[in-house]
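Residue-level listing of the chains:
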Amino acid sequence: MATSVRDEFGSQLAKLANEDSRVVALDGDLGNSTRLATVEKETDDSFLQMGIAEQNMLGVAAGLSTVGFQPWVCSFATFLTKRAYDQIVVSVAQTHADVKMVGAYSGLLTSNTGKTHHSLDDLGMLSMVPNMTVIVTGDANETATAMKAMHEYEGPVYLRLTRDETIENFTDEAEFEIGKGRVLQEGNDMLIISTGSMTSRVIEAIDGIENLSIYHVHMPTIKPLDKELLLQAASHVDVVVTVEEHYIRGGLGSIVSEVLAEHDPKKVYRVGVEDEYSGCGTNEELLDAHGLSPEKVREKILAYGKRE
Amino acid sequence: MNQTILSLKELQKMAVEVRKKILFTAHYHKQGHVGGSLSCADILTTLFFTQLAIDPDNPDWEDRDRFVLSKGHTALGLYVVYALRGYFPEEELKTFDQYNSRLQAHPDMTRLDALDMSTGSLGQGISAAVGMAIGAKWLERNFHVYTLIGDGESQEGQVWEALNTASKYDLDNLIVTLDNNGLQQFGWKHGASRGVPETEAGAKFKSFGFDVFEVDGHDLTSLVDVYEEARLMKNNRPKAIVANTVKGRGVSFMENDHNWHSKAPNDEEYERALRELEKGVE
């Protein structure tokens, strides 16, 4: 059964805040959408409304961290990262502040909102920042375990969450290790590396493919990337495919390409959003338009497999 | 707390010493934002020698007052005050703005314990100060949070986001000082000179829910009085000190000239500036 990533996020953060008084939630006036509202509802005093002012919100978080708090800042991914990028770089990351930044409503799947609300560059932007850890969870279970790991880790982390509520849990581990990928399937023709909301779609896309032996890795930590697993898995195959709900430049596809170019050059196909603006639409329309529906991903995988 | 309350005369002497060391440091490697450091020299001297509950021997003391230099480009002035206050040897000022120095051109808290925040990108420090003040309230601690912003800096929208939040959270433990020196790096053309960055600061602060104090930012007696009053007011309203200052204050040929925003004196200018400052003491 599908479970909601955002519901899990809200409940888990409320739980962390009730267990640890240092944990405080900062909202950019979207708490009822992102489910940060759960913290307001289920804790006595661990919720701070910061209004529609992302730059200040990140600065306040940095200041709170210097006096002993662990602020969790949440807004839509595109506003959190792009409107406050310099604040993230200077006030949060350079100081190695123990600030957790949660980009909700990421990628294309933002509930019929269109270009202004899509975040397709956040993984690239945040991965570029020194001291930063970047996590993209694939399902609700992984969101909860990743948040526990983030809570224990001291330092700035960006967590990208999906608004998509159709994803079935495919992870069941109790522990999340920052910087480690998950092998979902082994094979020796093609390596597929996917992240976030696309992993469950890749699982669906490759289901039943028999004439292509596929190695599938889910990569929930974009930075630091699990290079060891990537290189080990890539050593079995001739062709690598990355799949992400992000521009093909700057994100998972770029980072995987960089690592392979340096250590084990081979053909890499990047599946993601091309260099273009998106429109508004249902999740299915958007995924189809940008070649990210399970059907379109399957077509691409089969085509890339044939070329070799 | 290492208490160093000074008499007015001692404070005046200290302010001159701060200015001389600012010029010495800027002249040493020919680096530094001199104009703005001189404009806030009296403010910093007053704060660090009469107001802040701090302990240079224990910079991480949990209950210390916090200070955030939001106008981070005038780190030169802050480092001089730190040195004279005893955070590090004055000799270290010679490393200012050098690659491996703790005294980076713009404040870096990861290198220097005395700093409560890294700054240098304008508008950001005041938000961090607001965060510290919210934290103090939540932790039920009595420390105050002081931040110094520039009048040019107040063109950043983030400053006003921060002020808005400060009054939303009733931060009477936050004291924002505006170094209102009337010039910015370049600014708007105004006849033969440059325009004033901010003319309505007091009214704006007030409209954002602040208690506002206007003061001559070079009158040490008034500065002490105003800071004492602001610190003791427990009325759930944040405090703004509009300190009217002169960019380049204390050196005749630097005063009110935007060209001295980030220019270091040559040998001749340095000697002349020192002579002026020493003459002023007598």
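Scroll up a little and you will see the structure.
Draft legend 1. Spotlight on the sheet that holds strand β8 (residues 190-194) of chain A. Residue and element names in this part refer to chain A. The 5 strands are arranged β7-β9-β8-β11-β12 in an open sheet whose pairing can be described as mixed. Each edge of the sheet is formed by a strand with only one pairing partner; in this case those strands are β7 (182-185) and β12 (267-273). Between one strand and the next, the sheet's axes are offset by a mean angle of 25 degrees, whatever the strand orientation. Of the pairings in the sheet, the one linking β8 to strand β9 (residues 214-218) comprises 5 bridges and is parallel in character. Among the inter-strand pairings, L191 is bridged to a residue of β9, identified as Y215. Against the sheet, helix α9 (residues 197-206) makes contact with β7, β8, β9 and β11 (239-247), and its axis sits at roughly 160 degrees relative to β9, the strand it touches most.

Draft legend 2. Structural context of a negative patch on the surface. A cluster of acidic residues, E204, D207, E295 and E299 of chain A, forms a negative patch at the surface. Structurally, E299 of chain A is set in helix α13 (residues 294-307).

Draft legend 3. Spotlight on helix α11 (residues 252-263) of chain A. All names here are of chain A. Between its first and last C-alpha atoms α11 spans 17 Å; for 12 residues at 1.5 Å apiece the expected length is 16 Å, and the two agree. Within α11, burial applies to L252, G253, S254, I255, V256, V259 and L260. Turning to α11, the residues buried within the fold contact α7 (122-127), β8, β10 (221-223), α10 (227-234), β11 and β12.

Draft legend 4. The arrangement of the nonpolar core in detail. L26 and L191 of chain A together with L174 and F205 of chain B are the most contacted members of the largest nonpolar core, which has 75 residues in total. Ranked by the residues each element gives to this core, the list is headed by helix α5 (residues 124-139) of chain B, at 8 residues. No fewer than three residues from each of domain 1 (5-160) and domain 2 (182-307) of chain A sit in this core. Filtering out sequence-adjacent residues up to four positions away, L26 of chain A remains in contact with L36, L48, M50, M57, V60, A61, L64, P71, W72, V73 and C74 of chain A. Membership of the second largest hydrophobic core comes to 60 residues, among which are I54, L223, I241 and A273 of chain B.

Draft legend 5. Expanded view of the packing of helix α3 (residues 41-51) of chain B against helix α4 (residues 75-85) of chain B. Residue and element names in this part refer to chain B. Across the interface, α3 lies against α4 with an axial gap of 10 Å and an inter-helix angle of 30 degrees. On the basis of their axis angle, the class for α3 and α4 is roughly parallel. Where α3 crosses over α4, the two elements pack in a sense that is right-handed. Note on element contacts: α4 touches α3 through G77, L78, V81, Y82, L84 and R85, opposite L44, T45, F48 and F49. In the contact of α3 with α4, the residues fall into 7 nonpolar, 2 polar and 1 charged.

Draft legend 6. Layout of the packing of aromatic side chains. Residue and element names in this part refer to chain B. Within the structure shown, the criterion is met by 15 aromatic pairs over all chains. For the ring pair Y82 and F88, a centre distance of 6.5 Å and an interplane angle of 75 degrees mean the geometry is edge-to-face. Across the pair, exposure class does not vary: Y82 and F88 are buried alike. Consider the rings of F253 and W260, whose centres lie 5.9 Å apart with planes at 65 degrees: the pair is edge-to-face. The buried category is assigned to F253, whose relative accessible area is 18%. Within the aromatic cluster, the residues linked to one another by ring pairs are F48, F67, Y82, Y87 and F88. Here the basic side chain of R194 rests over the ring of F186, its NZ or CZ set 4.0 Å away from the ring centre. Directly above the ring of W260 sits K263, whose terminal nitrogen or CZ lies 4.3 Å from the centroid.

The rules we used
- Residues numbered from 1 in each chain as written.
- Chains lettered and ligands numbered in written order.
- Predicted model: local features only at pLDDT ≥ 70, side-chain atom pairs only at ≥ 80, totals over all residues.
- Heavy atoms only, no water.
- Pairing = 2+ DSSP bridges.
- Helix = DSSP H or I, 4+ residues; strand = E, 2+ residues; numbered from the N terminus.
- Axes fitted to C-alpha atoms, helices over the stretch in contact; angles between N-to-C directions.
- Contact = heavy atoms within 4.5 Å.
- Patch = residues over 30% accessible without salt bridge, like charges linked within 9 Å, V, L, I, M, F, W, Y side chains within 5 Å.
- Areas by Shrake-Rupley, 256 points an atom, 1.4 Å probe, with all protein chains shown as cover.
- Salt bridge = Lys/Arg side-chain N within 4 Å of Asp/Glu carboxyl O.
- Lys, Arg positive; Asp, Glu negative; His and termini not counted.
- Charge placed at Lys NZ, Arg CZ, Asp CG, Glu CD.
- Expected span 1.5 Å × (residues − 1).
- Buried < 20%, exposed > 50% of the residue type's maximum accessible area, 1.4 Å probe, protein only.
- Core = buried A, V, L, I, M, F, W, Y, C linked by side-chain atoms within 4.5 Å.
- Domains from an automatic or database assignment.
- Parallel < 35°, antiparallel > 145°, perpendicular 65-115°, else oblique.
- Left-handed = near helix turned anticlockwise from the far one by under 90°.
- Nonpolar A, V, L, I, M, F, W, Y, C, P; charged D, E, K, R; others polar.
- Phe/Tyr/Trp six-rings, centres within 6.5 Å; stacked < 30°, edge-to-face > 60°.
- Lys NZ or Arg CZ within 6 Å of the ring centre and 35° of its normal.

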